Amino acid sequence: MAEMESPLLPDSAHNATLNDTEAAAAATAKFVATPEGSAVAYGSLVVMALLPIFFGALRSVSCAKSKNSSDMPETITSRDAARFPIIASCTLFGLYLFFKIFSQEYINLLLSMYFFILGILALSHTLSPAMNKVIPANLPNKQYQLLFTQGTGETKEEIVNYEFDTKDLVCLVFSSVVGVWYLLKKHWIANNLFGLAFALNGVELLHLNNVSTGCILLGGLFIYDVFWVFGTNVMVTVARSFEAPIKLVFPQDLLEKGLAANNFAMLGLGDIVIPGIFIALLLRFDVSLKKNSRTYFYTSFFAYVFGLGLTIYVMHTFKHAQPALLYLVPACIGFPVVVALVKGELTEMFRYEEKAAVCDKELLDEATDDLKENKKEQ
């Protein structure tokens with residue numbers, strides 16, 4: 001799930017079959033990134049990683065107010081957090097076996113179709129707020145509702161209740177164009193557009209219920225990431241074989257080849273979403289304090305930049321793929337905890353519970369509905 005990789009890494013399985021002459025020829029033909037190209041690639045990856053975390057965290061504060069069922073956040077409990085590394089490990093190893101047993105071409109074709117649909121929906125949801133500001137208000141904007149229910153009468157239950165308008169349809173058309181571009185060309189820009197959309201939606205819609213759950217999730221994935229990158233070749237193999245927008249990529253030879261560049265540095269979306277949902281939780285904790293400050297959000301955001309920068313430095317120094325969560329998890333947890341200790345708010349931070357906020361909202365909605373019914377009766 002989470003890996004930062006450089007294209008400079010040798011493929012030992014392949015090189016082992018080469019004799020000295022072939023190895024020398026391969027080494028001559030091997031692409032070597034310039035310092036400028038590496039700086040542009042790694043700097044771009046850092047910026048792209050920060051964008052979904054920052055804007056996803058901001059959107060996570062208000063996403064629970066949405067009336068659309070598809071926009072409601074999914075709350076991760078401590079039990080979910082404890083099981084997640086196990087589920088992720090099984091999924092990762094399953095993909096590894098699939099790539100070893102079956103044809104890589106057909107697997108990636110199936111996955112491409114799957115992520116084609118998901119990418120269009122994710123990108124549409126990401127662009128929708130911006131589209132509301134871009135399109136002039138005087139243009140006609142019709143409202144639509146997609147409603148699926150189960151049962152009749154008093155037993156009727158809503159399964160899907162999605163409200164959208166003409167502007168949302170414009171976003172869907174644009175996202176479909178990007179999807180077709182990705183499906184046909186697998187271009188790295190289209191891949192990044194979908195990847196950024198997935199990351200932003202993940203940070204916005206996946207909510208940790210408290211800081212303890214966040215520590216359990218990050219701690220478990222810390223072990224998961226270190227094991228699968230350093231202990232086996234599974235993570236690297238899947239990352240290289242998996243042709244889907246589950247990673248951000250940026251070419252190190254962009255300055256030489258332009259948009260046709262093909263030697264990429266990459267960052268897995270897990271390295272963005274997992275710390276991102278924890279950073280978003282700390283932003284909501286800041287909001288709950290009602291002190292008009294975002295101390296914990298900015299602290300954890302800076303910690304993420306520090307951890308990602310350290311990952312790049314170590315990877316560039318040792319020329320080996322690095323599990324980014326090895327550096328991101330201690331930074332994203334340690335920095336806010338130190339700040340809370342200094343401010344004397346550590347207990348308050350760990351007592352913060354999002355479930356209470358959700359319950360308050362539900363009670364408010366029930367009270368509002370009761371008030372509307374009383375007015376109708378009068």
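What counts, and where the lines are drawn
Residues numbered from 1 in each chain as written. Predicted model: local features only at pLDDT ≥ 70, side-chain atom pairs only at ≥ 80, totals over all residues. Heavy atoms only, no water. Helix = DSSP H or I, 4+ residues; strand = E, 2+ residues; numbered from the N terminus. Buried < 20%, exposed > 50% of the residue type's maximum accessible area, 1.4 Å probe, protein only. Contact = heavy atoms within 4.5 Å. Areas by Shrake-Rupley, 256 points an atom, 1.4 Å probe, with all protein chains shown as cover. Core = buried A, V, L, I, M, F, W, Y, C linked by side-chain atoms within 4.5 Å. Patch = residues over 30% accessible without salt bridge, like charges linked within 9 Å, V, L, I, M, F, W, Y side chains within 5 Å. Salt bridge = Lys/Arg side-chain N within 4 Å of Asp/Glu carboxyl O. pLDDT = per-residue confidence, 0-100. Expected span 1.5 Å × (residues − 1). Arc of directions from axis to C-beta. Axes fitted to C-alpha atoms, helices over the stretch in contact; angles between N-to-C directions. Parallel < 35°, antiparallel > 145°, perpendicular 65-115°, else oblique. Left-handed = near helix turned anticlockwise from the far one by under 90°. Nonpolar A, V, L, I, M, F, W, Y, C, P; charged D, E, K, R; others polar. Phe/Tyr/Trp six-rings, centres within 6.5 Å; stacked < 30°, edge-to-face > 60°. Lys NZ or Arg CZ within 6 Å of the ring centre and 35° of its normal. Pairing = 2+ DSSP bridges. Polar contact = N/O pair within 3.5 Å; in protein donor to acceptor, adjacent residues only side chain to side chain.

Undergrad: Explain the overall build of the chain residue by residue, including any values.
TA: For the chain, the count of helices and strands is 15 helices and seven strands. By residue count, 44% of the 378 residues in the chain fall in the buried class. A sequence separation of at least 24 residues applies to 77% of the contacts in the chain between residues at least 6 apart. Element-wise, carbon and sulfur atoms account for 65% of the exposed surface of the chain, whose accessible area totals about 20,200 Å².

Undergrad: Lay out the nonpolar core in plain terms, naming residues and giving numbers.
TA: Counting residues in hydrophobic clusters, the biggest one holds 81 residues, and the most contacted among them are L45, I272, Y296 and Y304. The dominant element in this core, judged by the number of residues it contributes, is helix α11 (residues 270-289), at twelve residues.

Undergrad: Provide a residue-level description of a nonpolar patch on the surface, including the pertinent values.
TA: On the surface, a nonpolar cluster with roughly 500 Å² of combined accessible area is contributed by F93, L97, F98, I101 and F102. With respect to the element layout, F98 can be found in helix α4 (residues 78-101).

Undergrad: Break down the confidence of the model for the chain for me, with residues and values.
TA: When pLDDT is averaged across the chain, the result is 81; 83% of the residues are at 70 or more. This stretch, residues 1-29, has a pLDDT under 50; its non-local contacts, to residues over four places away or in other chains, come to 69 contacts. Ignoring residues within four places in sequence, the model shows residues 356-368, a span with pLDDT below 50, making two contacts including any to other chains.

Undergrad: Mind laying out the pattern of salt bridges, listing which residues take part and the relevant values?
TA: In total, this model carries five salt bridges according to the counting rule given. One salt bridge in this structure joins D253 and K257, with 3.6 Å as the shortest N-O distance. Judged by relative accessible area, D253 falls into the buried class, the value being 0%. A cluster of three or more residues bridged by salt bridges with shared partners is formed by K291, K343 and E345.

Undergrad: I'd like a description of helix α6 (residues 166-185), backed by residues and values.
TA: With 20 residues, α6 extends 29 Å from end C-alpha to end C-alpha; this agrees with the ideal 28 Å at 1.5 Å per step. The set of residues buried in α6 consists of K167, D168, C171, S175, V178, G179 and Y182. Take α6 and look down its axis: the buried residues cluster within an arc of 115°, on one side only. The exposed residues of α6 that point more than 90 degrees off its buried face are V173, V177, L184 and K185. Along its buried surface, α6 packs onto α5 (104-134), β4 (157-165) and α7 (188-205). Just downstream of α6, K186 is the residue with a positive phi angle, here 50°.

Undergrad: Tell me about the environment of L121, residues and numbers included.
TA: Here L121 shows up in helix α5. In this structure L121 comes out as exposed when scored by relative accessible area, which is 52%. Placed 51 residues apart in sequence, L121 and L172 show a C-alpha to C-alpha distance of 7.3 Å.

Undergrad: Residue-level account of the packing of α6 against α7, with values.
TA: The geometry of α6 relative to α7 is characterised by a closest axis approach of 9 Å and an angle of 130° between their N-to-C directions. Relative to α7, the element α6 is oriented oblique. Here α6 runs over α7; the crossing is left-handed. The residues of α7 that touch α6, namely those facing S175, V178, G179, W181 and Y182, are I189, A190, N191, L193 and F194. Of the residues assigned to the contact of α6 with α7, the class counts are seven nonpolar, three polar and no charged.

Undergrad: Would you mind going over the packing of aromatic side chains in detail, with residue names and values included?
TA: Inspection of every chain in the model, using the stated rule, returns 17 aromatic pairs. With 5.4 Å between their ring centres and 55° between their planes, F297 and Y298 make a pair best called tilted. Since its relative accessible area comes to 49%, Y298 is described here as partly exposed. Across the ring face of Y182, the terminal group of K186 is positioned such that the distance to the ring centre comes to 5.2 Å.

Undergrad: I'd like a rundown of unusual backbone geometry, residues and numbers included.
TA: Note: most residues except glycine have negative phi, and most peptide bonds are trans. Even without being glycine, K186 reaches a positive phi, approximately 50°. Note on placement: K186 falls in the loop between α6 and α7. Note on K186: relative accessible area 33%, which makes it partly exposed. Despite not being glycine, N292 shows a phi value in the positive range, around 55°. Its location among the elements puts N292 in the loop between α11 and α12 (295-318).

Undergrad: Tell me about the pairing of β4, and please be specific about residues and values.
TA: Relative to β4, strand β3 (residues 143-150) is paired through eight bridges, and the arrangement is antiparallel. Directly across from L147, in β4, lies its bridge partner N161. In sequence, β3 turns back onto β4 through a hairpin of six residues, with G151 there showing a positive phi of about 85°.

Undergrad: Hey, could you go over the environment of V337 for me, with residue numbers and the actual values?
TA: In this fold, V337 is placed in helix α13 (residues 325-343). Distance from V337 to T299, taken between C-alpha atoms, is 9.7 Å for residues 38 residues apart in sequence. Excluding anything up to four places from it in sequence, V337 contacts L346 and M349.

Undergrad: An account of the environment of K186 is requested, with residue identities and associated values reported.
TA: Spatially, the C-alpha atom of K186 lies 9.2 Å from that of P245, the residues being 59 residues apart in sequence. Look past the residues within four positions of K186 in its chain and what remains in contact with it is S112, W181 and E243. A polar atom in the side chain of K186 sits 3.5 Å from the backbone oxygen of L183.

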